[in-house]
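Each chain, written out:
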Amino acid sequence: MLLPIGSQDDFGETVTNRNFVFETFRKVSTLRGYQEISTPVVEYANIFTNKHVGMSLQSLMKWFNSEGEIEVLRPDWTTAIARALTKHNKAPEKWAYQGSIFRNNKVGVESRQVGIEIINFPNFHGECECLLMARNFLDELTINHYVIELGHTGIFEYFINQLDLSDEEIKALQIAMHDKRKDKVYQLVARNGKEHIASELVVLIDAFGPFEEVLNDYEIRWGNYPVLLKIVNHIKKLAELLNESGKVPVIVDLGMVKKLPYYSGIIFRGLLEENGSTCFSGGRYDKLYDQFGENKNAVGLGFDVDILAKQLRIVNKPKRICVIASDETLSYAEKIRKDYADFIVEVFYDDEMIDKDNFQKVIYILQKDGEYEVIENEDMYRFN
Ligand SMILES: N[C@@H](Cc1c[nH]c[nH+]1)C(=O)O
């Protein structure tokens, strides 16, 4: 084995499509006024494992440095950017990033993300911008078959706060909610007279679907619970805005649990219709900056570049031109490129080596008595 398990080489179209995703992201984020940000690949582990972020050390790619401190390969852009922006100005800002993250609990260890972080914006505006940007970006990639799913961390927390569960039990419950395991959820909660909360959580597992239906239902169901009602109205306002401004279906999942510990508020993701995979996810995380003694509100999302790249069908491939040259005509062949600025121009010595069907045009360059002669296409060309 020449590579560690989880590392891999990629070739040709896989890399081309991935780079197309990166380029398109840059174009869209620049046009929407984002500034670019880059952070180092190597960081201290405790930036990601402290209680505000809560990533497990096992899930990080790590080693000891010469001072005995644990260093890691960046496992999360959002946290790294929060660290980088500490002591940065307080004005509203929109940041865009692209690059790899490394997590030991993922097949493949390395995955590529592009994403945005919006700091100190009015809450609703920041959340809308995230999702409108996501739609703008996927439109540019001509990826249309996906749904946007909305949730809110406050719903699960509202119920959890009425229980006396350890951190371990909360984690187990989150997993059971995520896996939609009603039996497990009931069993974990229905103790010490908390059966009514267990039943509420079990019902919540089914609280997903087209947003109007589910939210209208829960507006009535939670009519006497002001905290929950406020959340329902918030999700509704966001869903309606998205619905008015485009054609992508918006669904809600009121039982959605947060994927990363720092989320606090609206959470969302983009699901591909073809296979249900998550092509982007994100949410509000107003508490993440607390670890650096700062009070900033923030919302953002990350796109999975590898998943998006697999969806691409690049239709407008540039046309290809083949130039047949020789040692003597190579410098002249190079000049021909300027006549075909938007074409792929490849130079070969021997027309036996090429598959002519792959090219729009084959150009032969001959040299006779110190003069160059350019002949297009083989049928016009005769060897003497
Ligand atoms: N960092 C998150 C995505 C995100 C960006 N901003 C907020 N959330 C992730 O890796 O899933």
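Looking at an unreviewed UniProt entry, one finds the protein named ATP phosphoribosyltransferase regulatory subunit and attributed to Heyndrickxia sporothermodurans. Regarding the protein, the relevant UniProt record gives this comment under Pathway (unreviewed entry): "Amino-acid biosynthesis; L-histidine biosynthesis; L-histidine from 5-phospho-alpha-D-ribose 1-diphosphate: step 1/9." According to its UniProt record, the protein has this under Subcellular location (unreviewed entry): "Cytoplasm".

What follows is about the packing of aromatic side chains. For the structure shown, the criterion picks out 13 aromatic pairs. Aromatic pair Phe-348 and Phe-359: ring centres 6.4 Å apart, planes at 75 degrees, arrangement edge-to-face. Here Phe-359 lies in the loop between β14 (344-348) and β15 (361-368) and Phe-348 lies in strand β14, a separation of eleven residues in the sequence. Assigned by exposure class, Phe-348 and Phe-359 land together as buried.

Right, let's get into the side chain of Lys-236. Assignment of secondary structure puts Lys-236 in helix α10 (residues 226-244). Side chain to side chain, Lys-236 and Asn-216 meet in a polar contact 3.2 Å long. In this structure the side chain of Lys-236 is engaged in a polar contact, spanning 3.1 Å, whose partner is the side chain of Glu-219. When sequence neighbours within four positions are dropped, the list of residues in contact with Lys-236 reads Leu-215, Asn-216 and Glu-219.

Interhelical geometry of helix α1 (residues 12-31) versus helix α4 (residues 123-140) gives an angle of 135 degrees and a closest axis separation of 10 Å. As judged from the angle between their axes, α1 and α4 are oblique. Two packed elements cross with a definite hand, and for α1 against α4 that hand is right-handed. Taken together, the residues of α4 that come into contact with α1 (itself represented by Val-21, Thr-24, Phe-25, Lys-27, Val-28 and Ser-29) are Met-133, Asn-136, Phe-137 and Glu-140. Classifying every residue of the contact of α1 with α4 by side-chain character gives five nonpolar, three polar and two charged.

This next bit is on the sheet that holds β15. The sheet built from four strands is open, its strands ordered β14-β13-β15-β16 with mixed pairing. Edge positions in the sheet fall to β14 and β16 (371-376), since each has one partner strand and no second. Between one strand and the next, the sheet's axes are offset by a mean angle of 20 degrees, whatever the strand orientation. Judged from the five bridges that link them, strand β13 (residues 320-324) and β14 form a sheet pairing that is parallel. When the bridges of β14 are listed, Arg-320 appears paired with Ile-344.

Rules of the game
Residues numbered from 1 in each chain as written. Predicted model: local features only at pLDDT ≥ 70, side-chain atom pairs only at ≥ 80, totals over all residues. Heavy atoms only, no water. UniProt positions renumbered as here; feature names shortened; annotations may be inferred. Phe/Tyr/Trp six-rings, centres within 6.5 Å; stacked < 30°, edge-to-face > 60°. Helix = DSSP H or I, 4+ residues; strand = E, 2+ residues; numbered from the N terminus. Buried < 20%, exposed > 50% of the residue type's maximum accessible area, 1.4 Å probe, protein only. Polar contact = N/O pair within 3.5 Å; in protein donor to acceptor, adjacent residues only side chain to side chain. Contact = heavy atoms within 4.5 Å. Axes fitted to C-alpha atoms, helices over the stretch in contact; angles between N-to-C directions. Parallel < 35°, antiparallel > 145°, perpendicular 65-115°, else oblique. Left-handed = near helix turned anticlockwise from the far one by under 90°. Nonpolar A, V, L, I, M, F, W, Y, C, P; charged D, E, K, R; others polar. Pairing = 2+ DSSP bridges.

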